[in-house]
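Now for the letters of each chain:
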Amino acid sequence: MSLWGKRDDMIVHERDPFNAESPRSALQFHVTPVDAFYGRNHGPVPTADAALWRLGVDGLVGRPLSLSLDDLRARWQPVEAEVTLQCAGNRRAGLIEVRDIQGETPWGAGAVSTARFRGIRLADVLAEARPRAGAAHVALAGADVSPLADPPQPYGGSVPLAKALSPEVLLAWSMNDAPLPPVHGAPLRAVVPGWIGARSVKWLTRVTVRSTPSDNHFQAVAYRLLPGDPDPGTAAPDGDGIPLGPLTLNCAILHPADHAHLPNGPARVAGYALAGEGRTVARVDVSRDGGLSWQRADVGEAASPWVWQHWHTTLDLPRGDVDIVARAWDSAGAAMPESPRQLWNPKGYANTAWPRARVRCG
Ligand SMILES: Nc1nc2c(c(=O)[nH]1)N[C@H]1C(S)=C(S)[C@@H](COP(=O)(O)O)O[C@H]1N2
Ligand SMILES: [Mo]
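Residues numbered from 1 in each chain as written. Chains lettered and ligands numbered in written order. Predicted model: local features only at pLDDT ≥ 70, side-chain atom pairs only at ≥ 80, totals over all residues. Heavy atoms only, no water.

Caption draft 1: Quick peek at the side chain of R224. Structurally, the position occupied by R224 is in strand β13 (residues 224-225). D240 provides the closest opposite charge to the buried, salt-bridge-free R224, at an N-O distance of 4.5 Å. Among the polar contacts listed, one links the side chain of R224 to the backbone oxygen of Q219, at a separation of 3.2 Å. One polar contact links the side chain of R224 to the main-chain carbonyl oxygen of A220, over a distance of 3.4 Å. Residues within four places of R224 in sequence aside, it is in contact with Q219, D240, G241, I242, P243, L244 and Y349. (Helix = DSSP H or I, 4+ residues; strand = E, 2+ residues; numbered from the N terminus. Buried < 20%, exposed > 50% of the residue type's maximum accessible area, 1.4 Å probe, protein only. Lys, Arg positive; Asp, Glu negative; His and termini not counted. Salt bridge = Lys/Arg side-chain N within 4 Å of Asp/Glu carboxyl O. Polar contact = N/O pair within 3.5 Å; in protein donor to acceptor, adjacent residues only side chain to side chain. Contact = heavy atoms within 4.5 Å.)

Caption draft 2: Representation of the pairing of strand β3 (residues 55-59). For β3, a buried count of four out of five residues is recorded, marking the element as mostly surrounded by other parts of the structure. Between β3 and strand β4 (residues 65-67), which pair antiparallel in sequence order, lie five residues. As defined by bridge partners, β3 adjoins strand β12 (residues 204-210) across four bridges and the pair is classed as parallel. By the bridge assignment for β12, G59 is matched with V209. (Pairing = 2+ DSSP bridges.)

Caption draft 3: Up close: the sheet that holds strand β22 (residues 320-330). Sheet architecture is open: five strands sit in the order β16-β23-β22-β18-β19, paired in mixed fashion. The open sheet has two free edges, formed respectively by β16 (261-262) and β19 (295-296), since each of these has just one partner strand.

Caption draft 4: Representation of the packing of aromatic side chains within the structure. On inspection of all chains with the given rule, the structure shows six aromatic pairs. When the ring of W294 is compared with that of W354, the centres are 5.1 Å apart and the planes differ by 85°; the resulting orientation is edge-to-face. Taken as a pair, W294 in the loop between β18 (281-287) and β19 and W354 in the loop between β22 and β23 (356-361) lie far apart in primary sequence, 60 residues in all. Residue classification places W354 among the buried positions, given a relative accessible area of 13%. Members of the aromatic cluster, joined through ring pairs, are F37, Y38 and F117. Between the NZ or CZ atom of R327 and the centre of the ring of W294, over which it lies, the distance is 3.9 Å. (Phe/Tyr/Trp six-rings, centres within 6.5 Å; stacked < 30°, edge-to-face > 60°. Lys NZ or Arg CZ within 6 Å of the ring centre and 35° of its normal.)

In C-alpha cells, the structure reads:
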C-alpha cells in the first residue's frame, strides 16, 4: 500500500512522520498532481471528525469566533488560487555537500509543489473578528502534536497581521478540485503564498491575533536562520537567528538529472524557478561550462506572483564531463548567490545557490 495515497516514485525520506519529496517527473507540471505533492510533517497526521471540528478565532479581537466548516463555506465568498508551497529546507542536500547537517531531512529540489487551493480569505474571517488596537501578528495552530518540539506541542507559527490580511492568504479545504487529503491538513489548512511552507499550517484549529509573534517552537526556535560558517574551525557568531518568512528567489534544474549520462549534442535543459513574496521570475540563464559563459533560457509567463515558473532551453553539450549551471533574477532585480558555501547554515535552510547538474556526455 502506498503511503498517504502517494505515488510509488515519491522520494520518501521518512515514513513517520511522513516526509517525502516530489519526483522530478512530477515537478515539470505547472500544477502538481496531489499524489505527487511533497509532504512535510513534524508529527503524526491527526484525525479529525469534520462534523465536530471547529476553527477558533481569538486573542486581540473584538469578537472571538468558533466556526464549523459549514460556517466557513456559507459565510464568506469562496476563492480559488494556484499556489506554490516550498519548504525552507528545499535543496538542503546542496548545503550538506558543503558541510554535514545532522538531524534534518536531506531534501533535494523536490520539497516544493503547486496546487489549486480553494477556500476563503483569512482576511475575511479576521474582519469579522475585528482585530483590536495592538494587533500585530496572527498565530496559526494545528491539531498535530509534534514530539520533535521542546516541549512536545501542537505545530504552529505566525505571520505578521499585514500578511494575514493580504488577499492571497487562504484557509483552504480543497486542493486540485478534491477535498484536502488527510496528509495535507484536512479538514482545513492555512495557505500563505510566497512564504516558507512552514507557515501554511495544516489541520488548522486556532487563529490567534497577538501583539507578538507566536511562541510556538516552530516559530520561536525552529525555522530560524542561524548564523553559520561552513568552516568548522571558524566559530559561528552567537545569536538566535532570523525567523524565516518570505521566500527568496530559488531555481532548480530538473533535466538533465545530476550525474546523468547522455549523448553529446543538443540537449533540452529545463527546470523551475520561484521568486517568492509578490515577485516574479524575470530571467534565467544556463551555462554548460560551470558558469564561464551563459545562454538565456525561455521562462514561462508568471501566472501570478504566487506560483513557480518553468523554464527551458537547448544546450549544445560537448563530449565529456559537463557542468550545467543555472542562475535566475527576479522582478526586483535580485540574483542568486553562486555557491552554497556562501549560504551554509546549521539547520540547512534557504539554499538558493545556483543549481548544478554534473553530467557525462557522449
Ligand atoms: N500542522 C502542521 N502544519 C504544517 C506542518 C506540520 O508538520 N504540521 N509542516 C509545515 C511545513 S514545514 C511545510 S513545508 C508544509 C508542507 O505542506 P505539505 O505537507 O502539504 O506539502 O506544511 C507546513 N504546515
Ligand atoms: Mo517546511
